[in-house]
Amino acid sequence: MKNKKILFKLLIVVIGSVILSELAGQLVLGTQYNCEPRLQNSGIYKNQSEYFIKNLCDDYEDVKTVQPVIRKEQEVMNFTQFIDKISLQNYKILSKQNSDFGILQPNQHSRTINSNEYGFRGREISMNKDDDTYRIIILGGSVAYGRFASSDEATISGNLEKMFSNNDNPKIQVINAALEGDTSCSDIKKTQEYLIKFDPDVIVILGGWNDLDRPCTDSEEISRISVVSALVKPIMSMCPECQSPRLIILSSSWIKFQIDKIIGNTITYDKDLLITNLVKKWATTCEIGKQHNFDVIIALQPLLGTENKTITEWEKQILKNYPSDAVLLYPKLKESMNELQSECKYTVDLTHVFDNTNDTVFIDRGHIGDNGNFLIAKKLHEVIRPLVEKR
């Protein structure tokens, strides 16, 4: 009887959420998954025009990602064969929620986003590295990729390369290999099967948020998926293009938080195991680096609520209305990262990188604008510079 009552309440919440989200989609979000109102209301780009913000949002919604595996004569080519042939046809479009690694669809060009022939954001590069070049690759999810950055140059990678631009020898090249939705699982696969071909000197993984919000694991011990996510996931898998405003809201942290309150947090997960799983995956990438003679730096990305910065009115609204499991798990994750000191070249805690700014940095719980990207790049520059000087 109790279970029936829980299911009934859950059904009411889901139906109500769909109705409310449809109204919100029509009245507030428009067709941009609330991108434009979010950027305008946050004040991140307060000196920019509405036209600029609209173009920025349009570009981010139009960009496509692909899975670099092709079929030819009924035979699936493995990734090594694919890279050797460098064939850029017959890509399979990926869902953003897919756990397999992806890249940007090559050769996309818009007002604010460009992808090169290898599916990296930014300018064209050569796969073969010159002898006098020091190559840094940035991995991670949407923050590392630069969602909401005003240009390729305004991403973390773009800023970092500019900061090294005064060094003539060695030449510093920074590659943005991050992709929205990437986790430690996709980072391992992308590094092992793709990035080693680019002969990196350093790979920097900017992570934490995605893995704690939706862990990538086959372990049955971690039942992290919430009720709402479980309802939305089959729809998204059947129709990757169906990521409408109503589904975005339906799976939002606020809705999940309300349902958790109604059902009494009956869906639980082992927090210690979740963090252990993430740290092991980071250690795996560091081991790949040792095997292929490049350094790996694990950088814990800042989230709103994990720092000591002065909170602006916009950021207060985010903290109030959008609870985050990841923020609650950060203290434990920071402790566990000490285990990586013997495995990885460096571990870097970036959670306090915004402490000295009074301006709005966060657009939501984790996404940032140009100023935030610059400050993260500045800290990474301090960490990486000694490695370059030792070369």
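Bear in mind the structure is a predicted one, so any value in this text is a computation, not a measurement.

Caption draft 1: Inspection of helix H6 (residues 156–163) at higher detail. Where burial is concerned, most of H6 is hidden: six out of the eight residues are buried. The complete set of buried residues in H6 reads Ile156, Ser157, Gly158, Asn159, Leu160 and Glu161. Packing partners of the buried residues in H6 comprise strand E6 (133–140), helix H5 (142–145), strand E7 (171–176), strand E8 (202–207) and helix H15 (370–390).

Caption draft 2: Structural context of the packing of helix H12 (residues 271–291) against helix H14 (residues 325–336). Packing of H12 against H14 brings their axes to within 10 Å, and their N-to-C directions diverge by 45°. For the element pair H12 / H14, the angle class is oblique. The handedness of the crossing between H12 and H14 comes out as right-handed. Seen from H12, the contacting residues are Lys271, Asp272, Leu274, Ile275, Leu278, Val279 and Trp282; seen from H14, they are Leu329, Lys332, Leu333 and Ser336. In terms of residue class, the contact of H12 with H14 is built from seven nonpolar, one polar and three charged.

Caption draft 3: Spatial organisation of the packing of aromatic side chains. With the rule as written, the count across this model stands at eight aromatic pairs. Taking 6.3 Å as the distance between ring centres and 85° as the angle between the ring planes, the aromatic pair formed by Tyr60 and Tyr145 counts as edge-to-face. Separated by 85 residues along the polypeptide, Tyr60 in helix H3 (residues 50–62) and Tyr145 in helix H5 bring together distant segments of the chain. Each of the two residues, Tyr60 as well as Tyr145, counts as buried. Aromatic pair Phe354 and Phe362: ring centres 5.5 Å apart, planes at 80°, arrangement edge-to-face. Take Phe354: its relative accessible area is 0%, and that puts it in the buried class. Counting every residue linked through ring pairs, the aromatic cluster contains Tyr118, Phe120, Tyr194 and Phe198. Against the face of Tyr145 rests Arg121, its NZ or CZ located 5.2 Å from the ring centre.

Caption draft 4: Spotlight on the state of the cysteines. Evaluated as defined, the whole model comprises two disulfides. Covalent S-S linkage joins Cys35 and Cys57, the inter-sulfur distance amounting to 2.0 Å. Taking the sign of the S-S torsion, about -80° here, the bridge from Cys35 to Cys57 comes out left-handed. Remark: Cys57 occurs in helix H3 and Cys35 occurs in helix H2 (residues 35–42); sequence separation between them is 22 residues.

Caption draft 5: Structural detail: the nonpolar core. Of all hydrophobic cores here, the largest spans 90 residues; its most connected members are Ile136 and Leu333. With eight residues, the top contributor of residues to this core is H12. Here Leu333 is in contact with Leu212, Ile275, Leu278, Val279, Trp282 and Leu300, once residues within four sequence places are set aside.

Caption draft 6: Summary view of the sheet that holds E8. Strand order in the open sheet formed by five strands is E7-E6-E8-E9-E10, and the pairing between neighbours is parallel. The two strands at the open ends of the sheet, each matched to only one other strand, are E7 and strand E10 (346–349). Between one strand axis and the next, the sheet turns by 20° as a mean value, whatever way the strands run. The pairing of E6 with E7 spans six bridges and is parallel. Of the residues in E7, the one forming a bridge with Tyr134 is Ile172. Running at roughly 150° to E6, helix H7 (residues 184–193) makes contact with E6 and E8 of the sheet. Against the sheet, H15 engages E6, E7, E8, strand E9 (295–300) and E10, with an angle of about 165° to E9.

Caption draft 7: Quick look at the pairing of E8. Within E8, six of the six residues are buried, which leaves the element mostly enclosed by the surrounding structure. Burial of the side chains of E8 extends over both faces: Val202, Val204 and Leu206 are buried on one face and Ile203, Ile205 and Gly207 on the other. Across six bridges, E8 lies against E9 in parallel orientation. From the neighbouring strand, Val202 faces E9, where its bridge partner is Asp295.

Caption draft 8: Representation of the pattern of salt bridges in the model. Under the criterion given, the structure shown has 17 salt bridges. Among the ionic pairs, Lys129 bridges to Asp199, the shortest N-O distance being 3.5 Å. Of this pair, Lys129 sits in the loop between strand E5 (103–104) and E6 while Asp199 is found in the loop between H7 and E8, placing the two residues 70 residues apart along the sequence. We note a salt bridge from Glu382 to Lys379, for which the minimum N-O separation is 3.8 Å. Of the two residues, Glu382 and Lys379 both sit in helix H15, three residues apart, roughly one turn of that helix.

Caption draft 9: Structural detail: H12. Here H12 spans 31 Å end to end across 21 residues, near enough to the 30 Å set by a 1.5 Å rise per residue. Among the residues making up H12, those that are buried are Leu274, Ile275, Asn277, Leu278, Val279, Lys281, Trp282, Ala283, Thr285, Cys286, Ile288 and Gly289. Considering only its buried residues, H12 is in contact with H7, E8, helix H8 (209–213), E9 and H14. One or two residues past the end of H12 sits Asn293, with phi positive at roughly 65°.

Caption draft 10: Quick peek at the packing of H6 against H15. One can describe the packing of H6 onto H15 by two numbers: an axis separation of 8 Å at closest approach and a directional angle of 50°. Relative to H15, the element H6 is oriented oblique. In terms of crossing hand, the pair formed by H6 and H15 is right-handed. Taking contact as the criterion, the partners of Ile156, Asn159, Leu160 and Met163 in H6 are, on H15, Asn373, Phe374, Ile376, Ala377, Lys378, Leu380, His381 and Ile384.

Parameters at a glance
Residues numbered from 1 in each chain as written. Predicted model: local features only at pLDDT ≥ 70, side-chain atom pairs only at ≥ 80, totals over all residues. Heavy atoms only, no water. Buried < 20%, exposed > 50% of the residue type's maximum accessible area, 1.4 Å probe, protein only. Helix = DSSP H or I, 4+ residues; strand = E, 2+ residues; numbered from the N terminus. Contact = heavy atoms within 4.5 Å. Axes fitted to C-alpha atoms, helices over the stretch in contact; angles between N-to-C directions. Parallel < 35°, antiparallel > 145°, perpendicular 65-115°, else oblique. Left-handed = near helix turned anticlockwise from the far one by under 90°. Nonpolar A, V, L, I, M, F, W, Y, C, P; charged D, E, K, R; others polar. Phe/Tyr/Trp six-rings, centres within 6.5 Å; stacked < 30°, edge-to-face > 60°. Lys NZ or Arg CZ within 6 Å of the ring centre and 35° of its normal. Disulfide = S-S within 2.5 Å. Core = buried A, V, L, I, M, F, W, Y, C linked by side-chain atoms within 4.5 Å. Pairing = 2+ DSSP bridges. Salt bridge = Lys/Arg side-chain N within 4 Å of Asp/Glu carboxyl O. Expected span 1.5 Å × (residues − 1).

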